[in-house]
Amino acid sequence: MHKFKSGLLSLVILCVCTAPLGFAATKKVNKTPKKTTTAKVAPARKKGKIAAPVAKQKTGQKALTKQKASVKETRNSKSKKIVTARSGKIVSKKLVMHDRRGSHGKAYIRRVSLRPAPPIITRFSAGDLAGLKNTPDPLSLRSNAALIVDESKLEILFEKNANIALPMASVTKLMTALVVVESMQDMNEILEITQDDVDMLKHTGSRLKVGTRMSRGNLLHLALMSSENRAAAALGRNYPGGLKGFVSAMNIKAQVLGMSDSNYVDSSGLSSGNVASARDLAKLVMAASQYPILRKYSTDTHYSVDDGLHQLQYGSTNALVHNPNWQIQLQKTGYISEAGQCLVMKAIIDGRPIVMVFLDSKGKGSRIADAQRIRNWLTRQQQPSIDQQLARNEPNV
């Protein structure tokens, strides 16, 4: 009996010890074998988004070359979203991810913008809107309005739409300078650039910072030579009666000169409300050229001023003053989109004082080219013809 109990106890102990081994073996046998082909599917974020599967296949010990990741584009009513098959991520609607492989087998990403190009806005000048660009002329000028006058004889040599009032941009500063000089204000008085002189209409820049202190003479010099807007604004603001009184004085002076088609609204010319005809501006040029200080300041090529911190170098806005072939006595340029490229000038051509006015010219260098065309035309007129030369050489009988 004792032997029977001992044998039964040994059998129970043996069963308990071998049970885990049996379960482990069963678990190992029931394990799912590896599949030779696997597929991964990119999750779709929203309903209607299709995820592209990428298949990775292995044959034997060598793996087949990985397939290129395909890009699926899905469209909705508002924008495009891109789902990449390689990462399963949605790419930004502004960029498309193109996954390619280079010559060395390395993957690279090329980004292509889907953002549309900004629209091209065509701006028409006041002359274009008035239909002046269709006006033909024998010299094929690029300016919509022009006038050429021989000051010595007060003879009009050439004109094109000369009686139509157009925006004159910074040519306004020539009247600003004339009013300042004739008001006999102290040129050595120190004026300060303030926030009121900052251009809030066209938002043009300036090297004269708010707080800069400078003499009235230097501000006048910069306004004429370099068309400095803050300098012109400070000149008008420091006139008796302020800017309102200065603009009133400008319009009174225009009436005195017989500029019947002119109107001034500021001292810098940034507003398209500053208008004048080519005939009016020819009268302004002849009046301003009587003052040596205006002739000198407008025709200087370079000028250096001290703003209190360092020296500022300025240059002329008219390339013709650098040309030794031109004898320019007075000049002023101007540009805003409503006025186009403008130029008024008095020059000596073949010994004659010629006043030139060009308004609403098309192209950055077109006003300079028009002036050169006029000069060549006047020079050819002065040359005697072949018949005249033969007549001079014939002996008197």
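Within each chain, residue numbers correspond to sequence positions counted from 1 in written order. Local features are withheld for residues below a pLDDT of 70 in this predicted model, meaning they are given only at 70 or higher, and side-chain atom pairs are given and counted only at 80 or more; totals for whole chains, interfaces and linings count all residues. Excluded from the side-chain calculations are hydrogens and water; all other atoms, namely the structure's heavy atoms, are used.

Q: Describe helix α6 (residues 242–256), and please don't skip the residues or the numbers.
A: With 15 residues, α6 should reach 21 Å at 1.5 Å per residue; the first-to-last C-alpha distance of 21 Å fits that figure. Among all positions in α6, only G242, F246, V247, A249, M250, N251, K253 and A254 are buried. In what follows, a contact means two residues having at least one pair of non-hydrogen atoms within 4.5 Å. Put simply, DSSP marks the helices as runs of H or I at least four residues long and the strands as runs of E at least two long, and each gets a number from the N terminus on. As for α6, its buried residues are in contact with α3 (172–182) and α5 (229–237). Phi turns positive one or two residues past the end of α6, at G258, with a value near 80°. What a helix is expected to span follows from its residue count: subtract one and scale by 1.5 Å. Using a 1.4 Å probe on the protein chains alone, a residue whose accessible area is under 20% of its type maximum counts as buried, one over 50% counts as exposed, and one in between counts as partly exposed.

Q: Describe in detail the side chain of R367, supporting the description with residues and values.
A: Counting through the fold element by element, R367 comes out in helix α9 (residues 366–382). In this structure, R367 is buried with no salt-bridge partner, the nearest side chain bearing the opposite charge being D370 at 9.5 Å. One polar contact links the side chain of R367 to the main-chain carbonyl oxygen of G334, over a distance of 3.1 Å. His is not counted here, nor are the chain ends, while Lys and Arg score as positive and Asp and Glu score as negative. Salt bridges are defined as contacts in which a side-chain nitrogen from Lys or Arg sits within 4 Å of a carboxyl oxygen from Asp or Glu. Here a polar contact is recorded for every N or O atom pair within 3.5 Å, except that within protein the pair must consist of a potential hydrogen donor and a potential acceptor, and residues adjacent in sequence are included only if both atoms are side-chain atoms.

Q: Residue-level account of the pairing of strand β17 (residues 328–336), with values.
A: The element β17 is extensively covered by neighbouring structure, given that 7 of its 9 residues are classed as buried. Of the strand pairs in this sheet, β17 and strand β18 (residues 340–349) are connected by 8 bridges, and their pairing is antiparallel. Counted as the bridge partner of L330 is K346 from β18. Hairpin connection of β17 to β18: 3 residues between the antiparallel strands. One requirement defines pairing of two strands: DSSP has to find at least two bridges between them.

Q: Give a description of helix α4 (residues 216–225) that names residues and reports values.
A: Counting buried residues in α4 gives 9 out of 10 residues, a clear majority hidden from the surface. When we look at burial in α4, the residues that qualify are R216, G217, L219, L220, H221, L222, A223, L224 and M225. One or two residues past the end of α4 sits S227, with phi positive at roughly 55°.

Q: Describe the sheet that holds strand β9 (residues 143–150), naming the residues involved and giving the relevant values.
A: The strand order across the open sheet built from 5 strands is β10-β9-β19-β18-β17, with neighbouring strands paired in antiparallel fashion. Whereas interior strands pair on both sides, the edge strands pair on one side only; in this sheet they are β10 (155–160) and β17. Between one strand axis and the next, the sheet turns by 5° as a mean value, whatever way the strands run. Here 8 bridges tie β18 to strand β19 (residues 352–361), and the two strands are oriented antiparallel to one another. Across the sheet, Q341 pairs through a bridge with S361, a residue of β19. Axis definition: a line fitted to C-alpha atoms, over the contacting stretch in the case of helices. Angles run 0 to 180 degrees between N-to-C directions. Here helix α7 (residues 278–288) sits on the sheet in contact with β9, β10, β17, β18 and β19, set at roughly 135° to β19.

Q: Any chance you could break down the environment of V198 for me, citing the residues and the numbers?
A: Tracing the sequence through the fold places V198 in the loop between β12 (190–192) and β13 (213–215). Looking at V198, the relative accessible area reads 16%, which means it is buried. The sequence separation of V198 and A231 amounts to 33 residues, and the corresponding C-alpha distance is 9.9 Å. For V198, the contacting residues outside a window of four places in its chain are V210 and R230.

Q: Give a description of the nonpolar core that names residues and reports values.
A: In these notes, a set of buried Ala, Val, Leu, Ile, Met, Phe, Trp, Tyr and Cys residues joined through side-chain atoms within 4.5 Å is what counts as a nonpolar core. Ranked by size, the top nonpolar core spans 59 residues in total, and within it M175, L208, L219, L281 and L294 carry the most contacts. For this core, the element with the most residues is α7, which contributes 8 residues. The residues touching L219, leaving out its near neighbours within four places in the chain, are L191, I193, L208, M214, A231, A234 and L235. One finds A347, M356, W377 and L378 within the second-largest nonpolar core, a separate group that totals 20 residues.

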